[in-house]
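Report on the structure
Here is how the chains run, residue by residue.
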Amino acid sequence: MKDVKSYVQTIAKRLGSAFSLEDFELEDELEFWALAAEYLSRSASPEFHEVAEWMDILYNAPVHFVYLKDEKGKLKLQYRSVFTENLESKFSLSKLSSSERSEKVAKFEQRLDNLEKRVLIDEEMKEMGGASFPIGHCHRIPLFNEDEFCGMYCTGPYVENPSGIIPRLSIIGRILSNWLIESDDRDDVREVTGQGIEKELVSLESEGLEVSGYANVLLGHLTGVKMAKSAALVDLSEPMVVAKANMADNFVANIQYFDGDKENADALSAYLKDQLDLTEDEGQLVVEPMNTLSPSTFLILTVDGGEGEDFKSSENYKVILETLQQLLRYQDQNKHITNRITETYYQMLREIERKRDKTAYHTDRVMALCNAFGDYFGMGEGEKENVLLTAKLHDIGYLSLRQNSNKRTVGSDLEHPTLGYKLIKNLSLDESVKQGIRTHHEWVDGSGTPNGIEGDEIVWTGKVVGLFEFVAQFIESSKDNDTKNGKEWLDELTSRLIERADVQFDMILIPTAVEMLNDLNWKELCKLGEDA
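Residues numbered from 1 in each chain as written. Predicted model: local features only at pLDDT ≥ 70, side-chain atom pairs only at ≥ 80, totals over all residues. Heavy atoms only, no water.

1. Some words on the overall build of the protein
We apply this condition: Note on conventions: DSSP H or I runs of at least 4 residues are helices, E runs of at least 2 residues are strands, and numbering of each starts at the N terminus. Working definition: with a 1.4 Å probe on protein chains only, accessible area under 20% of the residue-type maximum means buried, over 50% means exposed, and in between means partly exposed. Note on contacts: a residue pair qualifies if any of its non-hydrogen atoms lie within 4.5 Å across the two residues. Computed with a 1.4 Å probe, the accessible areas rest on the Shrake-Rupley method; for each residue, only the protein chains presented here act as cover.
Helix and strand counts for the protein stand at 20 helices and eleven strands. Taking all 532 residues of the protein together, 50% fall into the buried category. The long-range fraction of contacts in the protein, counting pairs at least 24 apart against all pairs at least 6 apart in sequence, stands at 64%. About 25,800 Å² of surface is accessible on the protein, with carbon and sulfur atoms providing 47% of the total.

Below you can see the structure in the form of structure tokens.
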């Protein structure tokens with residue numbers, strides 16, 4: 001260990017001497033090149049948070065961020081780190097009053113969130129120099145992969161290059177290019193940027209069992225080989241059709257509209273015979289209780305008139321029936337496990353959120369806003385339930401992020417929707433919930449993250465939750481700021497929503513959202529979710 005340390009220090013001194021970084025203090029100079037030598041000696045490139053810490057020795061900048069070229073030929077915001085201690089010193093926050101400090105930080109966070117997620121490439125980006133961003137004037141170092149422009153490393157705002165480093169920035173740019181390209185390739189393989197969770201995700205992907213798919217195969221055999229006229233596996237407690245074969249839509253609707261004793265096979269059979277007006281010649285109805293954890297689950301068959309008992313005693317019928325029962329028991333257990341896992345995810349996320357005053361009520365606030373919107377918009381019960389569950393789980397992708405009280409390293413935050421989707425991909429959840437988690441940071445104009453999809457490619461749940469996460473973040477940044485009164489904050493919030501219609505948010509959501517926000521006064525809005 002001593003020999004390695006001595007080697008690194010020797011390399012650092014030589015690099016420092018060669019680059020003549022006279023603007024640095026000796027300690028900074030040694031630290032900068034010692035880190036470079038240590039990272040370069042690794043078998044794998046450093047993680048982005050390490051690269052940002054290395055570059056920050058040069059700049060002491062509040063923000064470091066990286067755009068990399070994507071498959072669409074645009075630059076995608078791939079990594080971002082915020083150093084809060086640099087933010088304190090850069091804006092002299094300690095000299096401000098509490099309200100001034102809150103306003104300054106809130107405005108900066110809003111500008112930070114407005115960093116474009118995707119930008120078109122122009123020739124200027126391929127040159128080193130200053131660049132204008134929503135957070136202010138930043139420095140840009142172009143990145144190249146085998147002489148082809150592939151992105152840019154940016155740092156700022158309002159920082160200067162040490163004069164001694166300027167002639168060496170092209171060398172540093174090459175080092176950055178190698179590290180960041182390798183890191184991006186590594187992230188593509190992992191598909192997520194969180195640490196320490198890849199094995200768990202692989203195991204989740206291998207354990208899914210699609211109950212309805214297997215049930216459809218079995219019902220297909222009952223109708224295609226055993227010659228039942230039609231078959232359906234139904235759970236009247238939902239009500240829902242788990243699987244069906246040759247069953248007409250009106251037949252299914254009649255099953256779902258049954259409002260009698262949902263655990264009584266005879267009552268269901270009498271209802272269906274009456275509704276369908278079946279005669280012996282037209283077909284015989286067979287209603288089999290599944291005898292699973294849900295006593296309101298039945299197999300419903302129509303067979304040729306008078307052949308019901310023969311059909312039930314035929315070869316393999318009992319085997320198929322028992323297999324369907326086992327599948328349904330698995331589904332019941334899977335639902336129970338799913339509920340347990342998602343509730344645990346939620347509690348873990350809330351523990352993380354409570355570590356910061358700003359996010360102490362974040363998920364509960366998003367849920368409360370979505371709940372109120374569901375009532376205003378007139379959502380159906382099932383639709384609203386899916387939106388609320390998406391809101392509850394929308395940020396679980398943060399569960400793998402490092403927690404550090406002094407700095408906010410945000411590389412994985414741009415990919416947390418993908419990570420969140422991975423965590424629930426094979427659970428027994430409605431697909432709209434899964435895709436809502438995956439898409440809640442996508443923009444309708446295609447400039448969102450992580451996949452740059454647009455318009456109707458973004459599911460409804462993702463659109464609603466994305467909108468009200470924006471509202472929640474605005475409230476969290478402004479509620480303790482007394483530089484404006486409640487009406488002024490509401491006016492600013494609704495104005496921002498209108499500006500973002502058909503850009504970030506679906507236009508169809510905005511009128512109802514604005515109506516709801518105006519009906520709720522600012523004080524009540526700020527309380528939403530805090531009593532959960």
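2. Considerations on the confidence of the model for the protein
Heads up, the rule is: Confidence scores here are pLDDT values: one per residue, from the predictor, ranging 0 to 100.
Chain-level statistics for the protein give a pLDDT mean of 82 and a share of 85% at 70 or above. Note that pLDDT drops below 50 for residues 19-23; the model gives that stretch 14 contacts with residues more than four away or on any other chain. The model gives residues 189-208 a pLDDT under 50, and that stretch makes 36 contacts with residues more than four places away or in other chains.

3. Here we look at the packing of helix 13 (residues 362-377) against helix 14 (residues 381-393)
Stated formally: Each axis is a line fitted through C-alpha atoms, taken for helices only over the stretch in contact, and angles between the N-to-C directions span 0 to 180 degrees. An angle below 35 degrees is read as roughly parallel, one above 145 as roughly antiparallel, one from 65 to 115 as roughly perpendicular, and any other as oblique. Helix crossings fall into two classes, left-handed where the near helix is turned counterclockwise from the far one by less than a right angle and right-handed where it is turned clockwise.
Interhelical geometry of helix 13 versus helix 14 gives an angle of 165° and a closest axis separation of 8 Å. Judged by the inter-axis angle, helix 13 sits roughly antiparallel to helix 14. Crossing angle aside, the handedness with which helix 13 passes helix 14 is right-handed. In this structure, helix 13 contributes Thr363, Val366, Met367, Cys370, Asn371 and Asp375 to the contact, and helix 14 contributes Lys384, Val387, Leu388, Ala391 and Lys392.

4. Here's the deal with the nonpolar core
Burial of nonpolar side chains together is a common tendency in soluble globular proteins. Keep this limit in mind: To form a nonpolar core, buried Ala, Val, Leu, Ile, Met, Phe, Trp, Tyr and Cys residues must be joined to one another through side-chain atoms within 4.5 Å.
Formed by 32 residues in total, the largest nonpolar core has its most connected members in Phe468 and Leu497. Put simply, the parts of the chain that give this core at least two residues each are helix 13, helix 14, helix 17 (460-478), helix 18 (486-499), helix 19 (510-519) and helix 20 (522-527). Considering each element in turn, this core owes the most residues, nine residues, to helix 17. When near neighbours in sequence (up to four residues on either side) are disregarded, Phe468 contacts Val366, Leu369, Cys370, Phe373, Ala513 and Met516. Core analysis: the second largest hydrophobic core is formed by 30 residues, Tyr59, Leu143, Cys150 and Ile165 among them.

5. Things to note about the side chain of Asp506
The following threshold applies: We define a polar contact as two N or O atoms separated by no more than 3.5 Å, with the added condition that, inside protein, one atom must be a possible hydrogen donor and the other a possible acceptor, whereas residues neighbouring each other in sequence contribute only through side-chain atom pairs.
Structurally, the position occupied by Asp506 is in the loop between helix 18 and helix 19. Polar side-chain contacts of Asp506 include one of 2.8 Å to the side chain of Lys463. Excluding its chain neighbours within four sequence positions, the residues that come into contact with Asp506 are Val444 and Lys463.

6. Focus on the packing of helix 8 (residues 211-224) against helix 12 (residues 317-353)
Running from amino to carboxyl end, helix 8 crosses helix 12 at an angle of 165°, the nearest separation of the two axes being 10 Å. By the angle between their axes, helix 8 is roughly antiparallel relative to helix 12. As for the relative orientation of helix 8 and helix 12, their crossing is left-handed in sense. Note on element contacts: helix 12 touches helix 8 through Tyr317, Ile320, Thr323, Leu324, Leu327, Tyr330 and Gln331, opposite Val211, Tyr214, Ala215, Leu218, Leu219, His221 and Leu222.

7. Some remarks on the packing of aromatic side chains
Worth spelling out the cut-off: Note on ring pairs: Phe, Tyr and Trp rings are taken, using the six-membered ring of Trp, and paired if centres are within 6.5 Å. Classes follow the plane angle, with under 30 degrees stacked, over 60 edge-to-face and the rest tilted. We count a charge as sitting over a ring when the NZ of a lysine or the CZ of an arginine lies within 6 Å of the ring centre and within 35 degrees of the ring normal.
A full pass over the atoms with the stated rule returns 19 aromatic pairs. Each ring, one from Phe258 and one from Tyr271, has its centre 5.0 Å from the other, and the planes form 45°; the classification is tilted. Here Phe258 is found in the loop between helix 9 (249-256) and helix 10 (265-276), whereas its partner Tyr271 is found in helix 10, with 13 residues between them in sequence. Per residue, the accessibility class of Phe258 equals that of Tyr271, and both read buried. Relative to Phe377, the ring of Phe373 has its centre 5.2 Å away and its plane inclined at 25°; by these criteria the two rings are stacked. Of this pair, Phe373 and Phe377 both sit in helix 13, four residues apart, which is roughly one turn of that helix. The ring centre of Tyr421 lies 4.1 Å from the NZ or CZ of Arg438, which sits over that ring.

8. Quick look at unusual backbone geometry
Note the cis peptide between Gly156 and Pro157, where omega equals -5°. Following the sequence through the fold, Pro157 ends up in the loop between strand 6 (148-156) and helix 6 (169-190). Along the chain, Thr449 connects to Pro450 via a cis peptide bond; the corresponding omega equals 5°. Here Tyr158, not a glycine, exhibits a phi torsion of approximately 55°, which is positive. Notably, Asn246 is not glycine yet its phi reads approximately 60°, a positive angle. In this fold, Asn246 is placed in the loop between strand 8 (240-245) and helix 9.

9. Brief notes about a negative patch on the surface
The condition is simple: Without a salt bridge and with relative accessible area above 30%, a residue can belong to a patch; like charges are then joined within 9 Å and nonpolar side chains (Val, Leu, Ile, Met, Phe, Trp, Tyr) within 5 Å. Any carboxyl oxygen of Asp or Glu within 4 Å of a side-chain nitrogen of Lys or Arg constitutes a salt bridge here. Counted charges follow a simple rule, with Lys and Arg positive, Asp and Glu negative, and His plus the chain ends left uncounted. A charge is said to be at NZ when it belongs to Lys, at CZ for Arg, at CG for Asp and at CD for Glu.
A surface patch of like charges, here negative, comprises Glu381, Glu385, Asp430 and Glu431. The topology assignment puts Glu431 in helix 16 (residues 431-439). Of the residues examined, Glu431 reaches a relative accessible area of 43% and is grouped as partly exposed.

10. With respect to the pattern of salt bridges
For the structure on display, the rule yields 20 salt bridges. As a salt-bridge pair, Asp70 and Arg118 come within 3.1 Å of each other at their nearest N and O atoms. Here Asp70, found in the loop between strand 1 (63-69) and strand 2 (75-82), pairs with Arg118, found in strand 3 (residues 118-119); they are 48 residues apart in sequence, far enough to count as distant. Each member of the pair Asp70 and Arg118 is classed as buried. With a shortest N-O distance of 3.5 Å, Lys76 and Glu415 are connected by a salt bridge.

11. Considering the side chain of His64
You can see His64 is positioned in strand 1. One polar contact links His64 to Asp56, side chain to side chain, over a distance of 2.8 Å. One polar contact links His64 to Tyr153, side chain to side chain, over a distance of 2.9 Å.

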